[in-house]
Amino acid sequence: MTDTSMHPEVPIEVDELRKDALQEIFNISMGQAADSLACLVKDRVYLSVPQMHWVEKSDVQDLKAAMKRVPKGIIICQPFSGYLKGEILVCYEQGADFTVIGESLAYTKEQVQKWQHELLLDITNILGGACLRGVADQLNIRLEFGAPNLIDRHSEVTTILLNSSSIWDKALVMEIGFSVQSMSMTSDILICMPEQYINKLFKCIDHLLE
Amino acid sequence: MKITVCDDSLMSRKSVIRALPETWSGAITQCKHGLEALEACRAGLADILFLDLTMPIMDGLEVLTRLKSEQIKVSVIVISADFQPKVQQQVMQLGALAFINKPLTQEKLEGTLKQVGLL
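No experiment lies behind these values; they were computed from the predicted model shown.

Reading guide: rules and limits
- Residues numbered from 1 in each chain as written.
- Chains lettered and ligands numbered in written order.
- Predicted model: local features only at pLDDT ≥ 70, side-chain atom pairs only at ≥ 80, totals over all residues.
- Helix = DSSP H or I, 4+ residues; strand = E, 2+ residues; numbered from the N terminus.
- Expected span 1.5 Å × (residues − 1).
- Buried ≥ 20, exposed ≤ 12 C-beta atoms within 10 Å, placed from the backbone.
- Contact = placed C-beta atoms within 7 Å.
- Nonpolar A, V, L, I, M, F, W, Y, C, P; charged D, E, K, R; others polar.
- Pairing = 2+ DSSP bridges.
- Right-handed = clockwise from strand over helix to strand, strands pointing away.

Student: What exactly am I supposed to notice about helix H5 (residues 116-139) of chain A here?
Tutor: Every α-helix winds through 3.6 residues per turn, so residues three or four apart in the chain are directed the same way. Residues and elements named next belong to chain A. Between its first and last C-alpha, H5 extends 34 Å over 24 residues, near the 34 Å set by a 1.5 Å rise per residue. For H5, the complete set of buried residues consists of Leu 120, Ile 123, Thr 124, Leu 127, Gly 128, Cys 131, Leu 132, Gly 134, Val 135, Gln 138 and Leu 139. Among the residues trailing H5, Asn 140 stands out with phi positive, at a value near 60 degrees.

If you want it as structure tokens, here you go:
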């Protein structure tokens, strides 16, 4: 496997086995997350094959490479903590149709129109929560997740990341695209695991690979 | 019995191979994506195919479609992280014998194999 996405100067080496295991763990977790969302939107949720990148905030090219599906849109961040600390960033393309999921979540028609950002926070919480639970179960660790919050409505993700006061400078980022055709929704999920927690993460992975 | 295991993840292929019944013997072919699996089936390397769905190059649904249109007789068991009802329905319509949600366990595999009469 050729790998141009890994940062050559990153001190911690992600060998192929660990990379493979991590991608599969997130693949399984996102499958569970997609199933939760599919029940609410009453349609199939399409997921991409997870891609892993080292991203350094000081390198805009890293960020652009990680966020290629939806470079600009509504950005929501959900932090997580526990055995690992990090954050989930979701970038939603503008213009999705929330009618069905709004009904599922007991929003009235007027509320669906007015509270689209709240609906996106709900969607993020459903996806993020299910994904993190999946990861925690498989790695046999404890993870807690905070409330998702809206960071920006019309920004490029790169701008947000460069300016934000978030918790990391360099992180291992898992990127997964997802879409729901009947909602015209396309999104990019980035699960950011800061460099300082990667050794702990690998300890769990190595245990799993034994 | 010839077994082919197709998954883009090495960890997942290993977990399938580890979970296979001890009483089974025979050649195991490993494939990293759907096209490799299709070629293995065409070459007669699979009586049973354990097939993932989300893969690069060719996904599992495409493999099932091709096996059907080329009338290649293989017992296919899909093992996938994507287990939404619509996906399972599509997989069964395309002729798979069974569907197993990841993560795979020995118990899950054994139960399924018994259910479809392969064990």
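Student: Help me understand the interface of chain A and chain B, please; the structure alone is not making it clear to me.
Tutor: Many analyses report the size of an interface as the accessible area lost when the parts associate. Residue-level contacts link 16 residues of chain A with 15 residues of chain B. If you tally residues by element for the side of chain A that touches chain B, the top one is helix H1 (residues 16-41) of chain A, at 11 residues. The residue makeup of the side of chain A that touches chain B, split by class, is eight nonpolar, four polar and four charged.

Student: What should I look at first to understand unusual backbone geometry in this one?
Tutor: Where the residue is not glycine, phi is negative for most of them; where a peptide bond is considered, it is trans in most cases. Here the residue pair Lys 102 of chain B and Pro 103 of chain B is connected by a cis peptide bond, since its omega of 0 degrees sits within 30 degrees of zero. In this fold, Pro 103 of chain B is placed in the loop between strand S5 (98-101) and helix H5 (106-115). Residues other than glycine seldom take positive phi values, yet Lys 42 of chain A does so here, at roughly 55 degrees. Checked against the element boundaries, Lys 42 of chain A lands in the loop between H1 and strand S1 (46-47). The class of Lys 42 of chain A is partly exposed, set by 14 C-beta atoms lying within 10 Å. For Ala 106 of chain A, which is not glycine, the phi dihedral falls at a positive 65 degrees. Of note, Ala 106 of chain A is situated in the loop between helix H3 (99-104) and helix H4 (109-114).

Student: Any chance you could explain the pairing of strand S4 (residues 75-80) of chain B here in plain terms?
Tutor: The side chains of a regular strand alternate, residue by residue, between the two faces of the sheet. Residue and element names in this part refer to chain B. Of all the six residues making up S4, five are buried; the element is thus mostly covered by neighbouring parts of the structure. Judged from the four bridges that link them, strand S3 (residues 48-51) and S4 form a sheet pairing that is parallel. In the sheet register, Leu 49 faces S4, and the bridge partner there is Val 76. Between S3 and its parallel partner S4, the chain crosses via helix H3 (residues 60-69), and the hand of that crossover is right-handed. As judged from the four bridges shared by S4 and S5, these two strands associate in the parallel manner. Pairing of Ser 80 across the sheet is with Asn 101, part of S5. Taking the sense of rotation as the criterion, the β-α-β connection linking S4, helix H4 (residues 85-93) and S5 turns out right-handed.

By themselves, these observations are geometric and do not establish any function.
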